[in-house]
Amino acid sequence: MILVADKIRRAMDLLRSDSGVFGVMDCTEQLSWIFLLKILDSSYLHDCNNPFDFCFDHDFRWSTWVSSKNNFDYQDKAVGNKFSTFVEKDLFPYLYSLSSSQVYCYGIGELVGYCFSGLRNKIRSERILREVLYLVDSFSFEKKEDFDDFSLGYDELLCELINAGGHAGEFQTPRPLVRAIVDALAPKPFESIYDPAAGTGGFLVEVYKHAYRNSSKLNGGCGDKKQKDLFCGNEITSHGYLLGFVNLLGHGIFNPKFLLKNSLNQRLFESGNVIKHDIVITNPPFGNTDSDNLLFEFPVKSNASEILFLQLVMMSLNEGGRAAVVVPERFLYKKEFGYNDIRLKLLDEFNLHTILRLPSGSFLPYSAVRCIVLFFDSNSTTKKTWFYECAPSKKISKNNRLADRHFSEFLKFFNAKVDSVCSWTVPVNKLKESFELAGVNPSSNRLIKQVSPMDRLEQLVVISDEIKRSLSDVSEIINSIQRGKVEWKHTQLQDLGKFIGGRTPRRNVEEFWGGDIPWITPKDMKQSELFGSSLCITPLGLNKYKMHLIPANSVLIVVRSGILRHSLPVCINRVETTINQDLKAFLPNSLVIPEYVRYMLLGHEDNLLKNAVKSGVTVESVRVPELRQYSFPIPSLNEQHEIVDNLDNCFKSLDFLEIKYEEALNCVKLLKTSIPNYTTSYS
């Protein structure tokens, strides 16, 4: 009998040989959407009294179009490009349409639609696509044990992401650390769990394993309606969301409240109606974020993601709730605005009972940033804080990764808060003296924030290696684009689709506002894709002002705003929406895909700002007739898809480079201070 993990490895090997699949991220993504459709066809899910009763329309069910029950033979050359054509022309558009379905609002149908937002079949070879489908069709999902086997294989696949390094690791927290944090929090059945930066859902899955592994309280392990609102999480990237959704289903969490959205940008904050949870557990992204684009104004203003996410976690805790948050070590001692306020808030309004200091290299090869874990609850205020320094005898590296054994003593001492060589307790008044949380380990007589110069230097070397690899990736992509460059026919934008304008219902009429129809303004136009808006209108407002409903996958362009002095905001709406009069929506025809139009507009931004924007007026605006007549090179649809894929990969690598250069600069600064500190503080 071939193990599930072996089949998954075989499928990955097949995908690696396809010319349209680029790297481990693409392989995992393409295999995951195929897994998802196979899982959703499982009779086991439908027998569990889950929300899967909606099913797919008959033509789009796995058993209809791919199953071996229909004499499917991947070696049959007579079928031609049957599967590729069906997937691209029929299946994907149908699945994506579920994301805007009013019938399945925040049900499984809408979650499936989110998985396919911005996704396309990248498998170019019909033979490889058929062979992968045939291989996945051999998987069984008809009993709980089948899901257990699959989850083990899929875990192995996700771990390959972090081992690959680069920006692929951003979705994964090392599994030994996940298990240690969950074991420390000890979740119980029917406690609600929330991860606002869920990635591939590792924390949610581990909580499920911990609380329900040996429990019959959820229908023998099969997630029934009792799961509703217990497992909650948000993920901002469509790639991470797809992997996370498949991971949750594969582990038996069949009714998650798992959404594709930016947790820091939720409209529910506007009314103060924050949903509370028993446990909040997360490893949010490191670095800075664009706080000007947030719909909710956090009490402590900051661009640092750890400050914003910590405030979100605090707001999201039930009375008596408990939390664990992974943050960079700099949180302990950084003096910039916001850090002191949040440290004081943790001490005065919550019980910050434990700080776990992780060893250097814990997140390699994705990141060399040293991190800590803050454990706090809302039962009382802080009286004292227990520090534990995880200090393996052998340095953590790419070849010696974190393991469960590294946290065994921490978990042994956690409840009793035992002081030892690696742990110590600090009264709250001592922590407040310097407005820092950097406690001193009496056993080692060194500050928690100190790291030896050689450790800092090693971190800098690791970051430099990551920068070199990422630069190499960018160079390879650019060379690939150059090699494929040919002369294409230039076509005016007005010949590639049509433009639609927008309107604003009267703001003083309450009946026009607060509905479910997104209304996009320039304030929303700071991301490449939109899944909602800061304000929504009602059907009454839509009909009264005869506003157009802009279909999903249109290109939205700001045509009137002060921002046009220096940039031209362009994005793609992934849900049906309306717009105000400061925007134009471009609806592409069959000659062009929206992602290509967006990149072309961004690529010609300087020329458009120079030649098509009115200056010297109260508010800058685009001369729309000139925008309509602007021409672009238009390759074939297949070439457009290839160009967009290359540009997507290139921009991901460039975003990763920005993070790494910031890390390198910070590491150099710390190295400068660590050398004199090391000289004077160590005997």
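Since the model is a prediction, treat every value here as computed from it, not as a measurement.

Novice: Outline the overall build of the protein chain, listing residues and values.
Specialist: Of the regular secondary structure elements, the protein chain holds 21 helices and 23 strands. Out of the 683 residues in the protein chain, the part that is buried amounts to 57%. Within the protein chain, contacts between residues at least 6 apart in sequence are counted, and of these 76% link residues at least 24 apart. Total accessible area on the protein chain is roughly 29,900 Å²; 50% of this is exposed by carbon and sulfur atoms.

Novice: An account of the packing of helix α9 (residues 175-185) against helix α10 (residues 202-212) is needed here, citing residue identities and associated values.
Specialist: Where α9 meets α10, the axes come as close as 9 Å, and the angle between the chain directions of the two elements is 50 degrees. In terms of their interaxial angle, α9 and α10 are classed as oblique. Pair α9 / α10 crosses with right-handed handedness. The segment α9 lies against α10, with R175, V178, R179, I181, V182 and D183 engaging G202, F203, E206, V207 and H210.

Novice: Account for unusual backbone geometry, naming residues and giving values.
Specialist: A positive phi angle is found at F190, which is not glycine, with a value near 75 degrees. Within the element layout of this structure, F190 appears in the loop between α9 and β1 (193-195). Phi is positive for K417, which is not a glycine, with a value near 55 degrees. If you trace the backbone, K417 turns up in the loop between α14 (408-414) and β9 (423-427).

Novice: Tell me about the side chain of H251, and name the residues and values.
Specialist: The topology assignment puts H251 in the loop between α11 (238-250) and β3 (257-260). Contact partners of H251, with chain neighbours within four places excluded, come to S151, D155, V205, Y208 and K209.

Novice: I'd like a description of the packing of aromatic side chains, backed by residues and values.
Specialist: In this structure the tally under the stated criterion is 35 aromatic pairs. Aromatic side chains F387 and W424 sit 5.4 Å apart centroid to centroid with 5 degrees between the ring planes, which places their arrangement in the stacked category. You can see F387 sitting in strand β8 (residues 384-389) and its partner W424 sitting in strand β9, a full 37 residues away along the chain. Considered together, F387 and W424 belong to a single accessibility category, that of buried residues. It is K417 that lies over the ring of F414; its NZ or CZ is 4.0 Å from the centre. Across from the ring centre of Y599, 5.4 Å away, lies the NZ or CZ of R598, which sits over that ring.

Novice: Give a description of the sheet that holds strand β18 (residues 570-573) that names residues and reports values.
Specialist: Strands pair in a sheet through their backbones, by hydrogen bonds, and they do so in one of two ways: parallel or antiparallel. Strand order across the open sheet formed by five strands is β13-β20-β17-β18-β15, with mixed pairing between neighbours. Of all strands in the sheet, those bounded by a partner on one side alone are β13 (497-501) and β15 (529-530). For strand β17 (residues 554-558) and β18, the ladder comprises four bridges, and the chain directions are antiparallel. Residue I557 lies in a different strand from β18, and its bridge partner there is V570. Packed on one face of the sheet, helix α18 (residues 594-603) meets β17, β18 and β20 (583-588) and runs near 170 degrees to β18.

Novice: An account of the environment of V87 is requested, with residue identities and associated values reported.
Specialist: By the element assignment, V87 lies in helix α5 (residues 82-97). On the basis of relative accessible area, V87 is assigned to the buried category, the value being 0%. For the pair V87 and N121, spaced 34 residues apart in sequence, the C-alpha separation works out to 7.3 Å. Apart from the residues lying within four places of it in its own chain, the contact partners of V87 are W33, W65, F92, P93 and N121.

Novice: Give me the pairing of strand β5 (residues 317-328): which residues, what numbers.
Specialist: Burial analysis of β5 places nine of its twelve residues in the buried class, the great majority of the element. Relative to β5, strand β4 (residues 277-282) runs parallel, the two being bridged by five bridges. Bridging from a neighbouring strand, V280 pairs with A323 of β5.

Novice: So, the environment of G562: which residues are in play, and what are the values?
Specialist: Mapped onto the fold, G562 is located in the loop between β17 and β18. By relative accessible area, G562 is classed as partly exposed at 23%. Sequence-distant contacts of G562, that is, excluding residues within four places in its chain, are made with V619 and E620.

Novice: For the environment of L129, give the residues involved together with the corresponding values.
Specialist: Checked against the element boundaries, L129 lands in helix α7 (residues 126-137). Classification of L129 by relative accessible area gives buried; the value is 0%. Residues L129 and F83 lie 46 residues apart in sequence; the distance between their C-alpha atoms is 7.6 Å. Residues in contact with L129, not counting those within four places in the same chain, are F83, S84, N121 and I123.

Novice: Explain the side chain of S423 to me, and be specific about the residues and the numbers.
Specialist: Mapping S423 onto the fold places it in strand β9. At 2.7 Å, the side chain of S423 and the backbone oxygen of V418 are in polar contact. One polar contact links S423 to S420, side chain to side chain, over a distance of 2.8 Å.

Novice: Any details on α11? Residues and values, ideally.
Specialist: End to end, α11 covers 18 Å across 13 residues, agreeing with the expected 18 Å (1.5 Å per residue, within 8%). For α11, the tally of buried residues reaches twelve of 13 residues, placing the bulk of the element in the interior. Within α11, burial applies to H239, G240, Y241, L242, L243, G244, F245, V246, N247, L248, L249 and G250. Of the residues flanking the end of α11, it is G252, one or two places downstream, whose phi is positive at about 100 degrees.

Novice: Which residues make up empty space enclosed by the protein, and what are the values?
Specialist: For the coordinates displayed, the defined rule picks out four cavities of 30 Å³ or more. Taken as a whole, the largest cavity holds about 70 Å³ of empty space. Lining the largest cavity are ten residues, with S360, G361, L364, E458 and Q459 sitting closest to its centre. In the lining of the largest cavity, the residues fall into four nonpolar, three polar and three charged.

Novice: Which residues make up the sheet that holds β4, and what are the values?
Specialist: Judged by pairing direction, the sheet is mixed, and its nine strands sit side by side in the order β3-β2-β1-β4-β5-β7-β6-β8-β9 without closing on themselves. Across the chains shown, the open sheet's two edge strands, defined by having one partner strand only, are β3 and β9. If you compare each strand with its neighbour and ignore which way they point, the axes differ by 15 degrees on average. Here β8 runs beside β9; their pairing, made up of five bridges, is antiparallel. The residue of β9 that forms the bridge with T385 is V426. Strand contacts of helix α12 (residues 305-316): β1, β4, β5 and β7 (371-377), with the helix running at about 165 degrees to β5, the strand carrying the most contacts.

Novice: So what about the confidence of the model for the protein chain? Which residues, and what values?
Specialist: It should be kept in mind that the predicted coordinates are not to be read in detail where pLDDT is low. Looking at the protein chain as a whole, its pLDDT mean stands at 82, while 83% of the residues score no less than 70. Contacts of residues 445-449 to residues separated by more than four positions or lying in other chains number 18 contacts, the stretch itself having pLDDT below 50.

Rules of the game
Residues numbered from 1 in each chain as written. Predicted model: local features only at pLDDT ≥ 70, side-chain atom pairs only at ≥ 80, totals over all residues. Heavy atoms only, no water. Helix = DSSP H or I, 4+ residues; strand = E, 2+ residues; numbered from the N terminus. Buried < 20%, exposed > 50% of the residue type's maximum accessible area, 1.4 Å probe, protein only. Contact = heavy atoms within 4.5 Å. Areas by Shrake-Rupley, 256 points an atom, 1.4 Å probe, with all protein chains shown as cover. Axes fitted to C-alpha atoms, helices over the stretch in contact; angles between N-to-C directions. Parallel < 35°, antiparallel > 145°, perpendicular 65-115°, else oblique. Left-handed = near helix turned anticlockwise from the far one by under 90°. Phe/Tyr/Trp six-rings, centres within 6.5 Å; stacked < 30°, edge-to-face > 60°. Lys NZ or Arg CZ within 6 Å of the ring centre and 35° of its normal. Pairing = 2+ DSSP bridges. Polar contact = N/O pair within 3.5 Å; in protein donor to acceptor, adjacent residues only side chain to side chain. Expected span 1.5 Å × (residues − 1). 1 Å grid on protein atoms, 1.4 Å probe; cavity = no way out; pocket = protein on both sides within 12 Å on 5 of 7 lines; lining within 4 Å. Points joined across faces, edges and corners; volume = space filled by probe spheres on them. Nonpolar A, V, L, I, M, F, W, Y, C, P; charged D, E, K, R; others polar. pLDDT = per-residue confidence, 0-100.

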